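A look at the structure
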Amino acid sequence: MPVAPITNHVSEHLLSNIPHFVSLFLEDGYHNAAGKYFTRRPVMFADKVTTPTLNVCGMLDRCTPPTEAAQFHNALIENGTRSVLVTYPEEGHGVRKFPAAVDYAARVVAWFEEHMPAKGCA
């Protein structure tokens, strides 16, 4: 269940308000076509994902723009994996405000109850 994820290092670098975070983290640059920006992009491994995924983002997130979650969501759908994308219009990096925080908590619990139900609990 990715929340405010980085799924494509190139778009993250070019659209984020902290563009150099990725280059520091990867110790590479996006100009290197054979480098880590390309070989470590989670979106490029979406075809290997089989786990149902709830992608969550805030429309106002400048650190990890909502397009990051949308890219991963679309890649999962294209590859036949169940994915739901929830974008909170008034949230930034994380879900903090009422009533979005209540909605977020309810979605998380419902998602895990559906996909990872507790066994042997009454």
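Note: the structure precedes this text.
Presented here is an overview of the structure given in this document. Keep in mind it's a predicted model, so treat the numbers as computed, not measured.

Close approach of charged atoms allows side chains with opposite charge to pair. Evaluated as defined, the whole model comprises three salt bridges. A salt bridge links Glu114 to Arg82; its shortest N-O distance comes to 3.0 Å. One end of the pair, Glu114, is in helix H5 (residues 100-115); the other, Arg82, is in the loop between helix H4 (66-78) and strand S2 (83-88), with 32 residues separating them in the sequence. For Arg107, the salt bridge goes to Asp103, with nearest N and O atoms at 2.6 Å. In this pair, Arg107 and Asp103 are both assigned in helix H5, four residues apart and thus about one turn of the helix distant. The class of Arg107 is partly exposed, set by a relative accessible area of 37%.

Turning our attention to the packing of aromatic side chains. Tallied over the full model, the rule gives two aromatic pairs. Where Phe21 meets Phe25, the ring centres are 6.0 Å apart and the plane angle is 10 degrees; that geometry is what we call stacked. Taken together, the residues span about one helical turn, with Phe21 and Phe25 both in helix H2 (residues 20-26) at a distance of four residues.

Note on placement: Asp47 falls in the loop between helix H3 (36-39) and strand S1 (53-58). For the pair Asp47 and Met116, spaced 69 residues apart in sequence, the C-alpha separation works out to 22 Å.

Residues Met1, Val3, Phe112 and Met116 make up a contiguous nonpolar surface patch of about 350 Å² in total accessible area. Among the secondary structure elements, Val3 is positioned in the segment before helix H1 (9-15).

What follows is about the side chain of Glu12. Within the fold, Glu12 resides in helix H1. In this structure, Glu12 is in contact with Ile6, Val22, Cys63, Thr64, Pro65 and Glu68, ignoring residues within four places of it in sequence.

So, on to the pairing of S2. With six bridges connecting them, S1 and S2 associate as parallel partners. In the strand pairing of S2, Gly58 is matched with Tyr88. The parallel pair S1 and S2, bridged by H4, forms a crossover whose chirality is right-handed.

This part takes up the nonpolar core. For soluble globular proteins, nonpolar side chains are generally found buried alongside one another. Ranked by size, the top nonpolar core spans seven residues in total: Leu54, Val56, Val86, Tyr88, Val95, Ala100 and Trp111. Looking at this core, the elements with two or more residues in it are S1, S2 and H5. Excluding residues that lie within four positions of it along the chain, Trp111 makes contacts with Pro52, Thr53, Leu54, Arg82, Val84 and Met116. Within the second largest apolar cluster, five residues are counted, among which are Val43, Ala46, Ala75 and Leu76.

Definitions and limits used
- Residues numbered from 1 in each chain as written.
- Predicted model: local features only at pLDDT ≥ 70, side-chain atom pairs only at ≥ 80, totals over all residues.
- Heavy atoms only, no water.
- Salt bridge = Lys/Arg side-chain N within 4 Å of Asp/Glu carboxyl O.
- Helix = DSSP H or I, 4+ residues; strand = E, 2+ residues; numbered from the N terminus.
- Buried < 20%, exposed > 50% of the residue type's maximum accessible area, 1.4 Å probe, protein only.
- Phe/Tyr/Trp six-rings, centres within 6.5 Å; stacked < 30°, edge-to-face > 60°.
- Patch = residues over 30% accessible without salt bridge, like charges linked within 9 Å, V, L, I, M, F, W, Y side chains within 5 Å.
- Areas by Shrake-Rupley, 256 points an atom, 1.4 Å probe, with all protein chains shown as cover.
- Contact = heavy atoms within 4.5 Å.
- Pairing = 2+ DSSP bridges.
- Right-handed = clockwise from strand over helix to strand, strands pointing away.
- Core = buried A, V, L, I, M, F, W, Y, C linked by side-chain atoms within 4.5 Å.

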